[in-house]
Each structure stands twice: as structure tokens, then as C-alpha cells.
Amino acid sequence: MPLDANEDRTGFAELALRPELLGALSGLGYEEPTPIQREAIPPLLEGHDLLGQAATGTGKTAAFALPVLQRMEKDRSATAPMALVLVPTRELAVQVSEAVHRYGKDIGARVLPIYGGQPIGRQLRALERGVDVVVATPGRAIDHMGRGTLNLDQLKMVVLDEADEMLDMGFAEDIDQILQAVPEQRQTVLFSATMPPRIDRMARSHLREPVRIQIGRETTPQGEAPRVRQVAYVVSRAHKPAALGRVLDVEAPTAAIVFCRTRDEVDQLTETLNGRGYRAESLHGGISQEQRDRVMNRLRAGTADLLVATDVAARGLDVDQLTHVINYNVPSAPESYVHRIGRVGRAGREGVAITLAEPREHSMLKTIERVTKQKIEIEKIPTVADLRARRLELTRAALHESLLEDDLASFRVVVESLTDEFDLVEVALAAVKLAHEASGAAADEEEIPEVAPRTERPRREQSGPGGVGGARRGRGPTAGMTRLFVGAGRAARIRPQDLVGAIANESRLNGRDIGAIEIADRFSLVEVPEEAAEDVISALRGATIKGRRVQVRRERDTTA
Ligand code: AMP
């Protein structure tokens, strides 16, 4: 169904969410609920317990956060939290807190991540001032309960997020202990990527007649999924734009559609791609019908090669020339994957589906493989050498084509005049060089680091006892990242988690966005995405790290 510009653009309205939430979602550029949200939100709003099987990347955070916020009184004044979310790691605590904060900003939700490693004093002060939603790792939650600083009496909802990971990390007893201390009359939600018997047991002892949902259980009828070469690249978030560029250079699609999650992502990526010399057009729910028609005409006429779109905007879109579908993120459900890749490989033509997955989204790829009963090959991001070879191959193919055409006579005089002085092969080499350079092959010398697919969470690289050694210092930051100088280091007992905590608390970045951290005696260096650098600097300017104000600025270039 083509998108009507006047239609409700969030698709969330039918879920009967309150206006403050609808406003926040539309502000974030979410165009419609993901399958897990569509299935989980209604029973949660009705007050049922819920047992959901869903991995990262499915949108599960909003699936529980929105119902939590829906139940929250606006600008609530009580001090004790009304919801507790338990998560396995510090990183996830920060990430979930940020999500709840974003969705709940118009409701005035006070959200606090509490996790080990962060100075407890700050958490104590925040808890004393009053919070609505606490997102905690089980160990730290128990600490606070022991100190009497986390009052669970007012809890209306408890969420166990990534429960299987919490069990794997040995938190089973902590969780039992916490759940014994919360009010009986509460709603309990459990999300887990896998459902081993231990999770079932946990659900039986702590959930009441839960509604069960499983994303990816629906199997696609055999033969329905199209025959398409399916490839995935595992790449860290910071390197995604570069990886996409590299993959596009090697694949050289005639026409491709790149799927993104949100409007903002569509707009940003379109800009990045145009900056890299592609002809990319964006398509999302915020775009008028007229503009949409123009974009589609450009794509059909071949004056645009790339369409960057959200699922909603791409619905009903039919482009014959399409050779590649690219998932800039792992889709939120296997059905959505199948739907997207169904746009290529039609009528016997070869199609290619490419997915960029962050290391922790690997399990979602496996789910998609299981549901589609098709293999997604994980390939290595092409290296600079691969790219050069590929570009030479394209030049060779172009020359071959030109040789087959019969219109070269007028150039004979050039070749003949040069062969008086040079060898024929040399003349050919020079001509190939010119043709190759004229094809606009931009120099791209930066290797994209390989990352392994993984299910466990990444651990941040910590500097060794030597800290920022001389050799290290001169090295440039990772591509797409900027290095910030922070005027406090080991002498002030700064640890990587303090920097991550400060940045995640004060800016819009979350732990996953932050790159390598190096800590020297008197200062530290932190890599942040280039586009966020100014934001982070101004956010940290007023903030304190470990109780003291510190100087934060871009690292001065120490290389010549
Ligand atoms: P999660 O599985 O909760 O980690 O969410 C994965 C990503 O999807 C996050 O970056 C969310 O911001 C994003 N997301 C969640 N729900 C939606 C939605 N309905 N539309 C677009 N993006 C979403």
C-alpha cells in the first residue's frame, strides 16, 4: 500500500499509547511498531505478565519501556521507583536508561542506571532525590537493597531484560532475591533471546500466567523466500558508514535500496553517501508524495543509484532495476527481512541481499536463517587491496566493452603519433591509467577493522600499565572517530568506565558509540564519533568526572 502523506505517520497510534509517547516516537523518527512491539505492547497495557523471546535489534526495549511509561503518572513526585529493569551489563543499563529517558521525556520520567563500577555516591544522591525507573545490574541492585537505599515498595512493574544472559553471568540467585523483595501485586516482564529450560523455570516461579510471544516463530512457506545471494558483514557501529561505502564500491550495484530504522538515520546516511560520491536519495514518512514521485522517477531513470529508505516508506515500492537490497541494520524481524529481500531476484534475475550486523546482532541473523531456512554467508569486509583489484576489474571491463564497439578510429592518430616515441604497451598503460582515474575511483586507504560475531557483550579495551606510550600517541584515531583529550587520568583514579559513564550520562551517546579509551597519568584520550564530538565536549564542559571538573577538548594533533 503506498504511503499517504496525510496518514498517521507513527503507526503507533493504534496501540493506544498516550500522546506524550506518540510525540516522542514520532520525534525519534520511528514510523511503525516493530513486530515485537506490536505483539507485546497491547497485553502489557492490559496488565498481563509477559514472556517474550526476542533478541537485540528487535526493538524489545521500547516493547517494555512504552508500557512502563504509559502507566506512569506525569511528573510523578514519589521518591521510590515505580519500575525496575534488570539487565546483565553496565552497557545495557546505560543503553536502556537512555532509551527510557528518550521515550519518557514529555512525561518527565526520571530514569537512573545503577551498575557496578560507577561511584555509588552519585547513585545514592539520585535515588534520594527520587526516580521513576531504575535500570540496574542485579549485583548493584542487591548492594543498594542491602544498604536500604533502593526502595522497591512502590514497584508496579519489573522487567528482566536479556534474562538468558543474566543467568549465564551467574545472576540467578540475585534475581530470585530481588524478586522476593518486590510487591506481589506487580506486573512482570521477561525478555530473553533464547528459551532454555532454566528460563522457563524462572518464568514459572516469577511470572503469573504470562502471555507468551516469540518473534520469528512464523515460518515462511517453503519456496516463498526468493533466491537471492545473501551476505552479511559484521562490523562495529563506528565503522558502518565506511563499511557500507566499501561494500557498495565492490558490489557496484545498478540500483540499490538501503534500509534504515529511522528517518534521522535515512537522512544522515543519504548525506554521508552523497558525500562519498554516490547519487543517493532518501525516502521516509516525512517526505511528501510529490517529492516521493520525484525520487522514484530519478531512480527509474537511472539518475540516482541508491535509495535510502525506511520500511514504511518503501512499502508498495516496485523498482524493476533493483539489483541489491542492503540492510543497514539487521531487520527487527525475519518477516521484515523476507519482505525486504523480496524486492530483488525477481523474474529470474540475480539479486543480492546484504546485511550489516553489529557483533551483538549476530543471534538475530541466526534467527533469520532459521526462519527463512536459507544461509546468510558472513563475509569479510573487502580490504583496500580487494577494492583496488575490483576497481581495476571494472576498468578492464569498461575497456573490453569499448574495444567491442567500432568507434575507435578517430583516436588512431593519437596512438600512432605516440608510438614513434613509446612502446605500444606503454601507450596502452598510460591510456588505461587515465581511464581508471577518470572513473572517479576515490582513494580509500583506510582498512576497516575486522570484528568477530559474538553473543557476549564487548569489553572495553583498557590501557595497560604503560598507559599512552610514545608510539601509541602519534597514531590517528579510528576512521570516523575523533579523539578527545580529557584533563584527568590515572593520578585522579579515572577508569574507562568513569569516562564512559560521564559521556553516556551527559551526552546523547551511549556506551556502544564510544571507541577506544586510553588512560595516561595526567590525562585520558577517548574516541567518540566525529559528528558527536562537539556535543560531547559541550556536554562535558559543565559536568564533573569523579567529583571534579575536567578540561575536555579535541586532542591536538601531535603528528606533524
Ligand atoms: P533494541 O532491540 O531494543 O535494542 O532496539 C534496536 C534499535 O531499534 C534501537 O536503535 C532502537 O532505537 C530502534 N527501534 C526500536 N523500535 C523502533 C521502531 N519502531 N522503529 C524504528 N526503530 C526502532
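A brief structural summary.

Rules used in this analysis
Every residue gets a number counted from 1 within its own chain, in the order that chain's sequence is written. Where totals are concerned, whole chains, interfaces and linings use all residues; where local detail is concerned, this predicted model gives features only for residues with pLDDT of at least 70, and gives and counts side-chain atom pairs only at 80 or more. Values reported for side chains reflect all heavy atoms of the structure, with hydrogen atoms and water molecules removed beforehand. Buried means the residue's accessible area, taken with a 1.4 Å probe over protein chains only, is under 20% of the maximum for its type, while exposed means over 50%, and partly exposed covers the values in between. Going along the chain from the N terminus, every DSSP run of H or I of four or more residues is numbered as a helix, and every run of E of two or more is numbered as a strand. Contacts are assigned to residue pairs that have any heavy atoms within 4.5 Å of one another. Proximity is defined per residue: if any heavy atom of the residue lies within 4 Å of a molecule or strand, that residue is considered near it. Polar contacts, as used here, are pairs of N or O atoms within 3.5 Å; protein pairs need one atom able to donate a hydrogen and one able to accept it. Residues neighboring in sequence count only if both atoms are side-chain atoms. Throughout, the Shrake-Rupley method with a 1.4 Å probe supplies accessible areas, and for residues the shown protein chains are the sole cover considered. For Phe, Tyr and Trp, where Trp contributes only its six-membered ring, two rings pair if their centres lie within 6.5 Å, and the inter-plane angle classes them as stacked under 30 degrees, edge-to-face over 60, or tilted in between. With a 1 Å grid laid over protein atoms only, a set of points is called a cavity when a 1.4 Å probe fits there but cannot get out and a pocket when it is open yet has protein on both sides within 12 Å along at least five of seven lines; lining residues have an atom within 4 Å of a point. Grid points are joined across faces, edges and corners, and a volume is the space filled by probe spheres set on the points. Gly counts as polar in this scheme, as do all residues outside two lists: the nonpolar Ala, Val, Leu, Ile, Met, Phe, Trp, Tyr, Cys and Pro, and the charged Asp, Glu, Lys and Arg. Strand pairing is defined by DSSP finding a minimum of two bridges between the two strands. In this analysis an axis means a line fitted to C-alpha atoms, helices contributing only their contacting stretch, and an angle means the value between N-to-C directions, from 0 to 180 degrees. Buried Ala, Val, Leu, Ile, Met, Phe, Trp, Tyr and Cys residues that are joined via side-chain atoms within 4.5 Å together make up what is termed a nonpolar core.

**Quick notes on helix α2 (residues 35-45)**
Residues spaced three or four apart along an α-helix face the same direction, because each turn holds 3.6 residues.
Point 1. Among the residues of α2, those classed as buried are Ile36, Gln37, Ala40, Ile41, Pro43 and Leu44.
Point 2. Where the residues of α2 are buried, they touch β1 (50-53), α3 (60-70), β6 (187-192) and β7 (211-214).
Point 3. Just downstream of α2, Gly47 is the residue with a positive phi angle, here 95°.

**Digging into helix α1 (residues 19-27)**
Point 1. Within α1, burial applies to Glu20, Leu21, Leu22, Ala24 and Leu25.
Point 2. Each element contacted by the buried residues of α1 is listed here: α3 and α4 (90-103).
Point 3. Of the residues trailing α1, Gly29 is marked for its positive phi of about 80°.

**Observations concerning the site of the ligand**
Point 1. In the neighbourhood of the ligand, 14 residues make up the surrounding shell, with Tyr30, Gln37, Gly57, Gly59 and Thr61 lying closest.
Point 2. The contact in question runs from an oxygen atom of the ligand to an N or O atom on the side chain of Tyr30, over 2.5 Å.
Point 3. Interatomic distance of 3.0 Å between a backbone N/O atom of Thr58 and an oxygen atom of the ligand.
Point 4. Calculation on the ligand without its partners gives an accessible area of 500 Å², and the protein chains cover 84% of this total.

**Considering the packing of aromatic side chains**
Point 1. The full count for this structure, using the stated rule, is three aromatic pairs.
Point 2. Ring geometry for Phe64 against Phe191: centres 6.1 Å apart, planes inclined by 40°, an arrangement best described as tilted. Here Phe64 is found in helix α3, whereas its partner Phe191 is found in strand β6, with 127 residues between them in sequence. Of the two residues examined, Phe64 and Phe191, each falls in the buried class.
Point 3. With centroids separated by 5.4 Å and ring planes inclined at 20°, the aromatic side chains of Phe485 and Phe523 adopt a geometry described as stacked. Of this pair, Phe485 sits in strand β15 (residues 481-486) while Phe523 sits in the loop between β16 (517-519) and β17 (524-529), and the two are 38 residues apart along the sequence.
Point 4. Residue Phe485 is classed as buried on the basis of its relative accessible area, which comes to 11%.
Point 5. For Phe523, a relative accessible area of 17% corresponds to the buried category.

**A few points about empty space enclosed by the protein**
Point 1. Scanning all chains against the criterion turns up one cavity of 30 Å³ or more.
Point 2. Broken down by element, the lining of the largest cavity gets its largest block of residues, four residues, from helix α15 (residues 362-372).
Point 3. Taken together, the residues of the lining of the largest cavity sort by class into three nonpolar, one polar and two charged.

**Quick look at the pairing of β17**
Point 1. Here β17 lies mainly inside the structure; six of its six residues are buried.
Point 2. When β15 meets β17, the two strands line up antiparallel, connected through six bridges. Residue pairing for β17: Val486 is matched across the bridge by Ser524.
Point 3. When β16 meets β17, the two strands line up antiparallel, connected through three bridges. Looking at the pairing, Ile519 lines up with Ser524 of β17.
Point 4. A loop of four residues connects β16 with β17, the two strands running antiparallel in sequence.

**A look at the sheet that holds β16**
Strand pairing in a sheet relies on backbone hydrogen bonds, with the paired strands running either antiparallel or parallel.
Point 1. The four strands lie next to each other as β16-β17-β15-β20, forming an open sheet whose pairing is antiparallel. Each edge of the open sheet is held by one strand with a lone partner, namely β16 and β20 (552-554). Put simply, the sheet's adjacent strands are angled 25° from each other on average, direction ignored.
Point 2. Packed onto the sheet, helix α20 (residues 496-506) meets β15, β16 and β17 and runs at close to 125° relative to β16.
Point 3. On the sheet, helix α21 (residues 533-541) packs against β15, β17 and β20 and is oriented at approximately 160° with respect to β20.

**Regarding the nonpolar core**
Point 1. In terms of nonpolar packing, the biggest core is built from 46 residues, with Leu17, Leu66, Tyr103 and Phe191 touching the most fellow members.
Point 2. When residues of this core are traced back to their parent elements, those giving at least two are α1, α2, α3, β2 (83-86), α4, β4 (133-136), β5 (157-160) and β6.
Point 3. When near neighbours in sequence (up to four residues on either side) are disregarded, Phe191 contacts Ile36, Ala40, Leu50, Gly52, Ala54, Lys60, Ala63, Phe64, Leu160, Asp161, Glu162 and Ala163.
Point 4. Leu51, Leu84, Ala163 and Ile178 belong to the second-largest nonpolar core, a separate cluster that totals 30 residues.

**Side note on the environment of Val96**
Point 1. Structurally, Val96 is set in helix α4.
Point 2. Assessed through its relative accessible area of 1%, Val96 is described here as buried.
Point 3. Sequence separation between Val96 and Pro113 is 17 residues, and the spatial gap between their C-alpha atoms is 8.2 Å.
Point 4. The residues contacting Val96, other than those within four sequence positions of it, are Thr61, Phe64, Val85, Val87, Val135 and Asp161.

**Observations regarding the pairing of strand β8 (residues 229-234)**
Successive residues of a regular strand alternate their side chains across the two faces of the sheet.
Point 1. Most of β8 is tucked away, with five of its six residues classed as buried.
Point 2. Relative to strand β13 (residues 352-357), β8 runs parallel, the two sharing six bridges. Paired with Gln230 across the bridge in β13 is Ala353.
Point 3. Sheet topology places β8 next to strand β14 (residues 377-379); three bridges connect them, and they run parallel. By the bridge assignment for β14, Tyr233 is matched with Glu379.

Read these as layout, nothing more, since geometry by itself doesn't imply function.
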